[in-house]
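Working through the structure, step by step
So you can see what is in the structure, the chains are spelled out below.
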Amino acid sequence: MKKQLVERIYTESPREAVTVLRNSLKVLAVVLVTAFLTELLAGLGLQKESLLMLYMLAVVIISVCTPSYSYGIVAAVLCSFAYDFFITDPRYGFSITLRFPIALITMLAVTLIISALVIQNKKQAHLALKREQRTQLLYQLNQELLAARNVEEIVEVTQKYIQQQMERSNVFYLKDPKEGGEPSLRLHHPQDRELFTDRECVRRVHQMFKVGAEQPEELLPKDRCIHYEAAISHGKVLGVIGLDCRELPLTPGSHTFLQIVSAQVALALALRYLSEEQNNLKISAEKEKMRSNLLRSISHDLRTPLTGILGASSAILEQKDMGEEMQEKLVRDIKENAQWLIRMVENILTVTRISEETAT
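These notes cover the structure that comes with them. (Residues numbered from 1 in each chain as written. Predicted model: local features only at pLDDT ≥ 70, side-chain atom pairs only at ≥ 80, totals over all residues. Heavy atoms only, no water.)

Observations regarding the environment of Ala266
Condition: A run of H or I in DSSP counts as a helix once it spans at least four residues, and a run of E counts as a strand once it spans at least two, with each numbered from the N terminus. Each residue is assigned to one of three classes by its accessible area relative to the maximum for its type, calculated with a 1.4 Å probe on protein chains only: buried under 20%, partly exposed between the two thresholds, exposed over 50%. Pairs of residues are marked as contacts when any of their non-hydrogen atoms sit within 4.5 Å.
As for its position among the elements, Ala266 is in helix H8 (residues 252-318). Take Ala266: its relative accessible area is 1%, and that puts it in the buried class. When the C-alpha atoms of Ala266 and His234 are compared, they prove to be 9.4 Å apart, with 32 residues separating the residues in sequence. In contact with Ala266, not counting residues within four places along its chain, are Ala231, Ile232, Ser233 and Leu238.

Here's the deal with helix H3 (residues 69-86)
Residue pairs spaced three or four apart in an α-helix point in one direction, given the helix's 3.6 residues per turn. Condition: One less than the residue count of a helix, multiplied by 1.5 Å, gives the span that helix is expected to have.
For H3, spanning 18 residues, the distance from its first C-alpha to its last is 26 Å, which sits close to the expected 26 Å at 1.5 Å a residue. Those residues of H3 that sit buried are Tyr71, Gly72, Ala75, Ala76, Cys79, Ser80, Ala82, Tyr83 and Asp84.

Description of the sheet that holds strand S2 (residues 183-186)
Cut-off, in case you're wondering: Pairing between strands is defined by DSSP: at least two bridges between the two strands are required. Between N-to-C directions, angles cover 0 to 180 degrees, with each direction set by a line fitted to C-alpha atoms, over the stretch in contact for helices.
Reading across from one edge, S2-S1-S4-S3 is the order of the 4 strands in this open sheet, with antiparallel pairing throughout. Looking at which strands have only one partner, the edges of the open sheet turn out to be S2 and strand S3 (226-233). Averaged over all pairs of adjacent strands, the angle between their axes in this sheet comes to 20 degrees, without regard to strand direction. Here 8 bridges tie S3 to strand S4 (residues 236-244), and the two strands are oriented antiparallel to one another. Note on S4: the bridge partner recorded for Ala231 is Gly239. Strand contacts of helix H7 (residues 199-211): strand S1 (170-173), S3 and S4, with the helix running at about 25 degrees to S3, the strand carrying the most contacts.

Shown next as structure tokens:
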């Protein structure tokens, strides 16, 4: 993390220097062009008040085209001196009279007002752009979460988006670690693993599953090196997300983004669990239906030989004067039906045994 911050500083410092140089050249170019233009117009007899308005216009242009107050203030000072040097009497010389501070104060006031309005508009535009990008990102995340085929894919999508947007190592628990829950880690550096597997961190995750979104202060370390957010649906904690905050504390905007992501993840997990439960209920219903049909079929198949056995045995018992040939035939029928019943029972037991082995 520290190495990443150092690299960012070294890469951003030259960019900032180039930006300052570019804006400074803009200020100098606008002032020189305005001075040259007013010099020409002064030779044509244009009044001094009109020339002052050109310098004020230059200050306005610089305030609009540059990102901070400082460039506009520098432009106001330069334009004031240029107006005093080129326009006021004696020309091509400085005569610090009452007109100079009035022009300087006027230009500074215009600079501050215009710069304040421009900076405010730029900030609003920047915030609107960030909101739009974040809204688009959340929409894409929601689409991928809903398209996930299983819980593991939901976890993978969530961690990928968090790492891309927040550039932090993160962990995702689907189950209380004290009940066998294993962490899903997405790390910037391999050494970050120790941070999330520490005994104190595991205890905090366990407490998060118990208390939900409310984290008692005694559960939070003073440095708050990890921030945990619970994914809660209908008062039940379905998961806990942890972020590395050692070097980059969470800003209010990042915290809000994480809360929205947690809510979406909780909804996706709840829908996935509900879908799995419905599928299990559907499978159970199909099994029960098959079992009922099988019992009905078996009962029908068993009734025929049992009826034959019962009829033959009743005939033997009731008819005492029955011939030996007829009696032997009825006994043979009883034996055949009994053997058929034994084979059927053995087949049923074999099918049941195979089903049990397949299920295990």
